[in-house]
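Single-letter residue listing:
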Amino acid sequence: PRQQKNSRELVQEYINHHRVVIFSNSTCPDCVKVKNLFIQLAVEFTVIELNQMENGAALQNALEEISNQRTLPNVFINKTHLGGCDATERAHQENRLAAMLRAGEEEVTAGHPELESYDYDLVVIGGGVGGLAASKEAANLGAKVALLDFVKPSERGTTWGLGGTCVNVGCIPKKLMHQATILGHSLEDARQFGWNIGDSPVRHDWDTMRDGIQDHIAVMNRAQKDDLRSKKVTYKNSYAEFMGPHKVKCTDKYGRMQELTARYFILAPGGRPRYPDIPGAREFGITSDDLFSLPHSPGKTLVVGASYVAIESAGVLAGLGLDVTVMVRSILLRGFDQQMAEMIGDHMTKHNIKFIRPCVPTKVEKTDSGDSGLLHVTATMQDDGTEVVGEYNTVMFAVGREPCTKGLRLDTVGVKVNTQNGYIIASDEEQTTCPYVYAVGDILDGKPQLKPVAIQAGQLLAMRLFGNSKLKMDYTSVGVAVFAPLEYGTVGLSEEDAIKTYGDSNIEVYHTYFDPLEWTVPHRDENTCYAKLVCLASQKLRVVGLHVLSPNAGEITQGFALGMKLGATKADFDNLVGIHPTCAEIFTGLTKTKSSGVEVAASAC
Ligand code: FAD
Ligand code: NDP
């Protein structure tokens, strides 16, 4: 029992039995600083607040005897005296802190020299957002890290720099092109707000937009490289494949090879667009990998597919004034609330986007007749087998993505993939079936394929591997926006999934149409914006699904996603005071239920 021990023995006991121990004074700012540093690094620690202990003064004397330091904080890691606030911060800046934290683990590996002789603590495969986040976090925590990234050219020969899908051929160029379309609409509205911008229709120049976006991407590519360099992560523009336990071979674009060994690996190779298996698809079609850097405007375009990429790309191209058709195999936006998906489709149709559904293409040919280079597409209606044909300047396939697992030789280290789709199977701690190989981002089987998900999973994983954190990624309640011409934001369950999960009688839906104030003067799209809360009756109307079609729907959804994560009920939404005049305030005053059948068309103000 503690009482029977003298102060020196007590202090020694704290030091011996706790990995990180901070002797502190709860009122001292430097002590708070040190505690915050360990919190930020997700390192668990034990605090002994000497000013709050009866025998605090005696313990402080004993501490001085042991460490030769009287001041607080006084930090010990793995039984080694580190020092006060300055010493701790310096050790962190000089990457010595992580080594001290690992010292305990190294005791375990003593006598197993093979475990200590790796080239790197961590090799990350894939330089997209997931891989970058994991490698930088690991390096921050003092690990020796290498990141391998290599982009195989698309069928059309498109390639790009460091940063992966999001930066180069995903979120960033897509959102910037979406912004180009918003500006076009705003220019139309501007006349009715008194701007004299002439009578002739405003014209869009593809090359100017593309160059502006590609210049921004180049800046991001460079910034990523600089960031890796400053964090001392070794970056290799090389393709990686496993050679055997703890070993990869990496090959650069000149065919030069190098072998690397590491204690841990994180796989973050993402995915690439798929092509349908029909004649002419690969030869003549493009995908989202090519769209954003096309050397010329795509002109009259057929988009094949009906999910995110298809809907967003079709919306962008039509918003730039192009003739766009979407060929839909079955439903719009599989996995999303189907009422909202159909509303998006209706809005796109009203804005001159043509839909052919249910229909799949059977071949793509290049015709020499008429305009040179026109693509002739033959397709079959899925309901009655009718053949439909059409001619386009560009055919873009957005029929899903496939994981980049094939070339990794995962079998050599026993990493299992889902045999149906090739995505990597991993535990809820992102550990694959090989204990020292982990995976994050789009490559994971059954997880949301979204940029913030990849980043957070990568960071948390690195913190668990090198910072002694226990925090796991929460893949639930992830908000998402579809940047269709009318944006869609959602978090939680679709109405149909809520009914499937909890039963029809347990679900109450509150909803309304509404008109954003800024759309009223130009009379844009009246009665088109829509808000819906899906609530669980048995749990005090806890909100389990939020859906909004509105300008800036992503921005609206982000804040409410926090409320839903904290378990907000309909009453919480009602008690929230709105910010006027905004679109988001609509959620603070929803009164009409779907079950009541009451009219929900927007009324003026
Ligand atoms: P990636 O970013 O795909 O990076 C993987 C990297 O690894 C690539 O550079 C790849 O070339 C490389 N690689 C593969 N194999 C190897 C190997 N063997 N050796 C070395 N390197 C290798 N998400 C959102 O949240 N919001 C959006 O608005 C959004 N819009 C999108 C729009 C489009 C058109 C697309 C396609 C995706 C969009 N996404 C969006 C999804 C988002 O881009 C992805 O979830 C995210 O980029 C996944 O990151 P990652 O790190 O898992 O993989
Ligand atoms: P999805 O796998 O989500 O959708 C594929 C689409 O293609 C479906 O509509 C599917 O139809 C259709 N399809 C599949 N095969 C064929 C075929 N042979 N012929 C015709 N149609 C076909 O893929 P996406 O590429 O759209 O998106 C991939 C991921 O990227 C998403 O899951 C998302 O996480 C991420 N992403 C996120 C965005 C965002 O956050 N805003 C934007 C873009 C992408 P069917 O329904 O009949 O199967």
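Summarised in this report is the structure supplied together with it. If you're wondering where the values come from, they're calculated on a predicted model, not measured in any experiment.

Moving on, we come to the sheet that holds strand β17 (residues 387–392). Pairing in this open sheet of three strands is antiparallel, and the strands run β15-β16-β17 from one edge to the other. The sheet is open, and its two borders are formed by β15 (359–367) and β17, each paired with just one other strand. The sheet shows a mean angle of 25° between the axes of neighbouring strands, direction not considered. For β15 and strand β16 (residues 374–381), the ladder comprises eight bridges, and the chain directions are antiparallel. Residue K366 lies in a different strand from β16, and its bridge partner there is L375.

Right, let's talk about the packing of aromatic side chains for a bit. Per the stated rule, a full pass over the model turns up 15 aromatic pairs. Where F265 meets Y436, the ring centres are 6.2 Å apart and the plane angle is 55°; that geometry is what we call tilted. Of the two residues, F265 sits in strand β10 (residues 257–267) while Y436 sits in the loop between β19 (401–403) and β20 (437–439), which places them 171 residues apart along the sequence. Of the two residues, F265 and Y436, both sit in the buried class. Among the aromatic residues, those joined into a ring-pair cluster are Y14, F23 and F76. The side chain of K144 reaches across the aromatic face of Y120, ending 5.0 Å from its centre. The residue whose ring lies beneath K300 is Y392, and the NZ or CZ to ring-centre distance is 5.1 Å.

Let us look at the site of ligand 1. Around ligand 1, a shell composed of 35 residues is seen, among which D149, F150, T165, K174 and D442 lie nearest. Measuring from an oxygen atom of ligand 1, one finds a backbone N or O atom of G130 at 2.9 Å. Between ligand 1 and K174 there is a distance of 2.8 Å, counted from an oxygen atom to a side-chain nitrogen or oxygen. Surface burial for ligand 1 is 93%, taken as the share of its 1,000 Å² of free accessible area covered by protein chains.

All right, on to the site of ligand 2 then. Neighbouring ligand 2 are 20 residues; R329, S330, R334, Q449 and A481 lie closest to it. A306 has a polar backbone atom sitting 3.0 Å from an oxygen atom of ligand 2. A distance of 2.6 Å separates an oxygen atom of ligand 2 from a polar atom in the backbone of Q449. The fraction of the free accessible surface of ligand 2 (930 Å²) that becomes covered by protein chains is 78%. Put simply, the parts of the chain that give the shell around ligand 2 at least two residues each are α12 (308–319) and β21 (480–482). Broken down by element, the shell around ligand 2 gets its largest block of residues, three residues, from α12. Among the residues making up the shell around ligand 2, the classes are represented as 10 nonpolar, five polar and five charged.

Time to look at the environment of L408. Following the sequence through the fold, L408 ends up in the loop between β19 and β20. Considering only alpha carbons, one finds L408 and E241, 167 residues apart in sequence, at a separation of 4.3 Å. Among residues more than four places away in sequence, those in contact with L408 are I125, Y239, A240, E241, F242 and P269.

Here the focus is the pattern of salt bridges. For the structure shown, the criterion picks out 27 salt bridges. For the salt bridge of E64 with R70, the shortest nitrogen-to-oxygen distance reads 2.9 Å. A relative accessible area of 38% means that R70 is categorised as partly exposed. Across the salt bridge formed by R256 and D252, the nearest N and O atoms sit 2.7 Å from each other.

About the criteria used
Residues numbered from 1 in each chain as written. Chains lettered and ligands numbered in written order. Predicted model: local features only at pLDDT ≥ 70, side-chain atom pairs only at ≥ 80, totals over all residues. Heavy atoms only, no water. Pairing = 2+ DSSP bridges. Helix = DSSP H or I, 4+ residues; strand = E, 2+ residues; numbered from the N terminus. Axes fitted to C-alpha atoms, helices over the stretch in contact; angles between N-to-C directions. Phe/Tyr/Trp six-rings, centres within 6.5 Å; stacked < 30°, edge-to-face > 60°. Buried < 20%, exposed > 50% of the residue type's maximum accessible area, 1.4 Å probe, protein only. Lys NZ or Arg CZ within 6 Å of the ring centre and 35° of its normal. Near = heavy atom within 4 Å. Polar contact = N/O pair within 3.5 Å; in protein donor to acceptor, adjacent residues only side chain to side chain. Areas by Shrake-Rupley, 256 points an atom, 1.4 Å probe, with all protein chains shown as cover. Nonpolar A, V, L, I, M, F, W, Y, C, P; charged D, E, K, R; others polar. Contact = heavy atoms within 4.5 Å. Salt bridge = Lys/Arg side-chain N within 4 Å of Asp/Glu carboxyl O.

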